Amino acid sequence: MAATIKRETSWRRRWKPNLNSQPWKHFSISGKSFLLKTMFVDADCSYEFCLWDFCTFWYEKVEHDEFEARAKKLNPNVEAKLTYLLKFMQKSVVEPNQKEEPLFIINQENSSSEDELVLKMKAKLQGGVPFVWEFHCSEGGKHMVGSQLVQPMLAMIAELNRRQAELCKLLRRKDQEIMDYKDSGACLSRKSLATSEFNEDTFKSKMILSQGFEDAVQDAVIQGLDDDSSELYKQVMIKTAWLAEKDLPEPDEDVEEADDIYGSVVIGGPSAPSWTDIPPPSLFGKEDEPLTTSPRVSPRKTPVTSPAKSSGMSLPSDSPSKDMELERREALQKRLAEEAERKKKKKRKVKL
């Protein structure tokens, strides 16, 4: 059991959120209720949009190029970064401002067929600049209703039933604990804190006839998608992904990491200096000293003066020592590149 938990913990660190793990939320358009889930990706300016009208599952996926083209077409006078527009859309859809709530209209006139739904959004950017967007959704696959709604909801019901059973067991144990205190002569300081012994059947009967049960049925769309339910939905989808991948082999971990051998060297990084830009140890008067200085480590404040400098002599450009040092640096740089390529090839073999 401990090994399984350790594997799942390691998997969760590598796992990346996707559309499946995004919770559903209540969404109202012209007074009509919908269920909505979205996935906005800032890295490549793309998004996925799902809308369910309790009859048809509508879906749209827009990549970077299409997002840029549609933004220019619908808002030719707006000059803004795509990442800003994407974040504004996400905030408008997921967390709309009540004071300046965006307007959503289902525009069937722009639909090319009955199998397409166009949702038009009108909002205002910073400074009151108008912004328009259109979600062109098509009917999702038949499997999407089951995988995105039915199966997760059934799993949530099963988990809530399990939690309720555990709580009932805990309440019965609490009653036994209280009875033991009373038998030992303990008494309550305030009678208002007294509770009757818990009976599961009586509790269920009261819940069925309570006003809260009626309210929950009437407002199921809203109450069933509160913060706790959304978090449970997310955890159910993550657990589902883990169950589908737990039997796959884990990624191979390199026994020797380049960072451990070469002092946290970042090959090809934008801010990493080249090894040819770092003075070799021989120029500091220690030709036999191994090269352990990392590009990220600041140079010595007081370098050791080389014999050539102390005697006022300069090292000629065709010096054998300099040629040897250059060869050593080139060999080291080649070794680093081979280590990085070997590491990449190992990681490509694993498909999560």
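The rules behind each value
Per chain, residue numbering runs from 1 following the sequence as it is written. Side-chain atom pairs in this predicted model are given and counted only at pLDDT of 80 or more, local residue features only at pLDDT of at least 70, and totals for whole chains, interfaces and linings cover all residues. Only heavy atoms go into the side-chain values, all of them from the structure, while hydrogens and water stay out. Under the scheme applied here, a residue whose accessible area is under 20% of the maximum for its type counts as buried, over 50% as exposed, and between as partly exposed, the area being computed with a 1.4 Å probe on protein chains only. Going along the chain from the N terminus, every DSSP run of H or I of four or more residues is numbered as a helix, and every run of E of two or more is numbered as a strand. Directions are taken from the helix axis to each C-beta atom, and the arc is the one they span. Both cavities and pockets are sets of points on a 1 Å grid over the protein atoms alone; in a cavity a 1.4 Å probe fits but cannot get out, in a pocket the set is open with protein on both sides within 12 Å along at least five of seven lines, and lining residues sit with an atom within 4 Å of a point. Grid points are joined across faces, edges and corners, and a volume is the space filled by probe spheres set on the points. In this classification, Asp, Glu, Lys and Arg are treated as charged, Ala, Val, Leu, Ile, Met, Phe, Trp, Tyr, Cys and Pro as nonpolar, and every other residue, Gly included, as polar. The criterion for an aromatic pair is that two Phe, Tyr or Trp rings (for Trp, the six-membered ring) have centres within 6.5 Å, with stacked assigned to planes under 30 degrees apart, edge-to-face to planes over 60 apart and tilted to the rest. The score called pLDDT rates the predictor's confidence residue by residue, from a low of 0 to a high of 100. Working rule for contacts: check all heavy atoms of both residues, and any pair within 4.5 Å makes them a contact.

**Observations concerning helix 2 (residues 64-74)**
In step 1: Phe67, Arg70 and Ala71 are the residues of helix 2 that are buried. Buried residues along helix 2 cover an arc of 105 degrees about the axis, so they all sit on one side. Exposed and oriented more than 90 degrees from the buried face of helix 2 are Asp65, Lys72 and Lys73.

**Brief notes about empty space enclosed by the protein**
In step 1: Counted under the stated rule, the structure contains three cavities of 30 Å³ or more.
In step 2: Space inside the largest cavity adds up to approximately 60 Å³.
In step 3: Lining the largest cavity are 10 residues, and of these Arg7, Trp11, Arg14, Glu245 and Leu248 lie nearest its centre.
In step 4: Sorting the residues of the lining of the largest cavity by element identifies helix 1 (2-14) and helix 8 (227-245) as the ones contributing at least two each.
In step 5: Of all the elements, helix 1 adds the most residues to the lining of the largest cavity, at three residues.
In step 6: A per-class count over the lining of the largest cavity returns five nonpolar, no polar and five charged.
In step 7: Of the pockets and cavities examined, the second largest cavity occupies roughly 40 Å³.
In step 8: The wall of the second largest cavity is formed by Pro23, Trp24, Met153, Met156, Gly224, Leu225, Ser229, Ser230 and Tyr233.
In step 9: Contributing elements (two or more residues each) for the lining of the second largest cavity: helix 4 (142-183) and helix 8.

**A word on the packing of aromatic side chains**
In step 1: Counted according to the given criterion, the structure contains 14 aromatic pairs.
In step 2: For the ring pair tyrosine 47 and phenylalanine 135, a centre distance of 5.7 Å and an interplane angle of 75 degrees mean the geometry is edge-to-face. Here tyrosine 47, found in strand 3 (residues 46-52), pairs with phenylalanine 135, found in strand 7 (residues 130-139); they are 88 residues apart in sequence, far enough to count as distant. The pair tyrosine 47 / phenylalanine 135 is uniform in exposure class, with both members buried.
In step 3: On the numbers, 5.9 Å between centres and 50 degrees between planes, the contact of phenylalanine 198 with phenylalanine 203 is tilted.
In step 4: The exposure class of phenylalanine 198 is buried, given its relative accessible area of 19%.

**Describing the confidence of the model for the chain**
In step 1: The pLDDT averaged across the chain works out to 80; a share of 74% of its residues lies at or above 70.
In step 2: For the stretch residues 254-317, pLDDT sits under 50, and the model shows 66 contacts to residues farther than four places along the chain or on other chains.

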